[in-house]
Amino acid sequence: MIATPADGRPLDLSIAGVDKSFGPVHVLRGLSVGIPDGQFVTLLGPSGCGKTTLLRIVAGFEMPDRGDVTLGGNDLLRLPAHKRPVNTVFQSYALFPHLRVEDNVAFGLRSRRVAAAETARRVREAMDTMRITELARRYPHELSGGQRQRIALARALVNEPEVLLLDEPMSALDAKLRKEVQAELKRIQRQYQITFILVTHDQDEAIAVSDRILIMKDGRIEQDGSPEEVYERPVSRFVAEFMGSANVLTATCDGSDTAACGFAPLRLAAPAPWRQGHIAIRPEDIEVREIQPAVNGVRGTISERLFRGDHWELLVDVHGEHPMRVITEPDQVHSEGEEIWLELPPDDLLVLRD
Amino acid sequence: MRNLPRWISPVSWIGLAILYIPLLAVGILSFNATRYGQQWGGFTTAWYAMMATNDAILAAAWNSLLVGVASTVIATVLGTLLALGLHRTPWPRWFRRGSDLAINLPVVTPDIILAIALVGAFAVLREWWAVFKPGLVTLIVAHATFQISFVTLVVSSRLATIGRDQVEAARDLYANTGQIWLRVLLPQLMPGIIAGALLAFTISLDDFVVSFFVSGPDATTLPLLIYASVRRGVTPEIHALSTIIVAGTMLAIIAVAWMQARRDAKPTE
């Protein structure tokens, strides 16, 4: 057990040069990241990117082949899983089917032989926080997915871990419930002020809850930043495409601030660092114009339009590789087949590193 | 079930009848006041009363019970440990396949083969250790030998329903290996272990072939006694005894089925 240092030094989590292979599959490739105490961090990436393996290494279910994991300066890897001040909410929830809800929640405290009176008090508090007090005497199989998830959270939080690990905890919930749980998670993280590490492949979920997003690809961190940063300023083609619906354009650049991309030359805010690479622009940053704009005007034909309630989504054929996705105000009505001008403002053209 | 042909239902009733009419006949005859022959001579429980005072029957019943309980305890402990060892260790695939076969084989091996093998084995063991002379000890060991497979099969199927995440969750919640066993695995395995034990007990109680070969003159079990008596003609007392054995076996099987049903009603995560 690692106690909070007496001098109040925060329990920062440090992962340094972690490497892990399963047979021939190289899952983590020298991954390093520091997570300050109390941060809500999301590991975001497609399946197979290594995010769950990293979580399992912190939990103690896997040992890295190389590298260090420390918490507040103490070596975590020396401790077996059941001695780490870290708790996990499993994707399957992994509730104990033979135990009542209250006994599931009390499990960790009883393992550590916390006195019965204190156990009862803390279990009651945790169940209050998660609003599952009325389910105390029920068995997991009698409960809905959302209720089980609350129990899994209460069962982990009652131990007051230094770090809470969440392994795709919302993947089994329907969309509406998921939104509620996201808000709830954020509230609980603020209340407990402990480090949360969430694993997910859902970028909307990551943006909604995190202080910081680590986008993972092939066992490495592709981009590390706040939700705004990774959304607004993707560094690579992978991030731009993964984080949402950005239009990614293949372009060439001769060192000036103009790039050529098949259908038109585009003025950039700054020269691109490559001769051939990619540029991204978000659908909401593209302006629809009646007349040719002064810079970066592109002529196109609306091939499809979808009404999304609070906006229109247009697919505009610009004779490029893919049609451009454009988002307009609901009062800006265009029809399919209409020819329009698109303005791609230089400041909104994101030059990707690749 | 609706689109099965119409004749299925009557045929399955015939099947059931073929299974149970002989047993029913024994049950009826055990209450028949006629001593010889099959004519109905009125209802009586006299045969049950006579049976209860017959020293040979009581001694055989005691032996059956003793052998059944002792062998079941041994087989349940060993069979459960075997299931756990096979399931919780990351064996290579070829070993897993081989061990599956090794556990299933005794279930389908003819009793007579097992009996002959045991007779040979006991004869060898007897060279060094007199305790293996034909009698209660050889009966207990022999019964445990064929019971282990049944226990292992039942416990394994139960074990397969407990996911790896359960063990990881327990470990994550600070449980050491001993606590994981006592608080997570054993409570969930218990219905399987009890069902396996009951099954093993009924098999021991009903066994004739193996017992016939490995028992000695002073270690007669109920099936052996019935066999010996029948050679002098089937008496109503034997019918009464048989009825009790069948009823006892059925109760145990119903208990097993009930436990399995309870398990299915309470699915794991």
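Nothing here was measured: the structure is a model prediction, and the numbers come from that model. (Residues numbered from 1 in each chain as written. Chains lettered and ligands numbered in written order. Predicted model: local features only at pLDDT ≥ 70, side-chain atom pairs only at ≥ 80, totals over all residues. Heavy atoms only, no water.)

Visitor: Tell me about the overall build of chain B, residues and numbers included.
Guide: Scanning chain B from N- to C-terminus turns up 11 helices and 0 strands. Listing each helix as α and each strand as β along chain B from the N terminus yields α-α-α-α-α-α-α-α-α-α-α. Counting only C-alpha atoms, chain B reaches 70 × 65 × 30 Å along its principal axes. Burial statistics for chain B: of 269 residues in total, 37% are counted as buried. Carbon and sulfur atoms make up 72% of the accessible area of chain B, which totals about 15100 Å². Each charge class in chain B was averaged separately, 18 positive and 13 negative side chains, and the resulting centres sit 6 Å apart. (Helix = DSSP H or I, 4+ residues; strand = E, 2+ residues; numbered from the N terminus. Buried < 20%, exposed > 50% of the residue type's maximum accessible area, 1.4 Å probe, protein only. Areas by Shrake-Rupley, 256 points an atom, 1.4 Å probe, with all protein chains shown as cover. Lys, Arg positive; Asp, Glu negative; His and termini not counted. Charge placed at Lys NZ, Arg CZ, Asp CG, Glu CD.)

Visitor: Pulling in residues and values, what's your account of helix 3 (residues 116-129) of chain A?
Guide: Residue and element names in this part refer to chain A. Between its first and last C-alpha, helix 3 extends 20 Å over 14 residues, near the 20 Å set by a 1.5 Å rise per residue. Thr119, Arg122, Val123, Ala126, Met127 and Thr129 are the residues of helix 3 that are buried. Each buried residue of helix 3 lies within a common arc of 155 degrees when the element is viewed along its axis, so the set occupies one face. In this structure, the buried residues of helix 3 make contact with helix 2 (101-111), helix 4 (145-157) and helix 5 (175-192). Positive phi shows up at Arg131, right after helix 3, with a value of about 55 degrees. (Expected span 1.5 Å × (residues − 1). Arc of directions from axis to C-beta. Contact = heavy atoms within 4.5 Å.)

Visitor: Give me the pairing of strand 19 (residues 339-343) of chain A: which residues, what numbers.
Guide: The side chains of a regular strand alternate between both faces of the sheet. All names here are of chain A. The buried fraction of strand 19 amounts to 4 of the 5 residues, a majority that puts the element mostly inside the structure. When strand 15 (residues 287-289) meets strand 19, the two strands line up antiparallel, connected through 3 bridges. Its bridge partner being in strand 19, Val288 is matched across the sheet by Leu342. Where strand 16 (residues 297-307) meets strand 19, 5 bridges bridge the pair, whose relative direction is antiparallel. Residue pairing for strand 19: Gly300 is matched across the bridge by Ile340. (Pairing = 2+ DSSP bridges.)

Visitor: Tell me about the nonpolar core, residues and numbers included.
Guide: A general tendency of soluble globular proteins is for nonpolar side chains to be buried together. Formed by 56 residues in total, the largest nonpolar core has its most connected members in Leu13 and Ile15 of chain A. Ranked by the residues each element gives to this core, the list is headed by helix 8 (residues 177-206) of chain B, at 6 residues. The residues touching Leu13 of chain A, leaving out its near neighbours within four places in the chain, are Val33, Gly34, Ile35, Val58, Val69, Thr70, Leu71, Leu76 and Ile197 of chain A. The next biggest cluster of nonpolar side chains, apart from the first, holds 35 residues, and it includes Val123, Met130, Leu143 and Met170 of chain A. (Core = buried A, V, L, I, M, F, W, Y, C linked by side-chain atoms within 4.5 Å.)

Visitor: Just give me the short version of the environment of Ala25 of chain B, but keep the residues and values in it.
Guide: You can see Ala25 of chain B is positioned in helix 1 (residues 8-29). With 214 residues separating them in the primary sequence, Ala25 of chain B and His239 of chain B have C-alpha atoms 9.1 Å apart.

Visitor: Account for a negative patch on the surface, with residues named and values stated.
Guide: All names here are of chain A. Together, Glu228, Glu229, Glu232 and Glu284 make up a region of like negative charge exposed at the surface. Residue placement: Glu232 occurs in helix 7 (residues 227-232). On the basis of relative accessibility, which here comes to 43%, the residue Glu232 falls in the partly exposed class. (Patch = residues over 30% accessible without salt bridge, like charges linked within 9 Å, V, L, I, M, F, W, Y side chains within 5 Å. Salt bridge = Lys/Arg side-chain N within 4 Å of Asp/Glu carboxyl O.)

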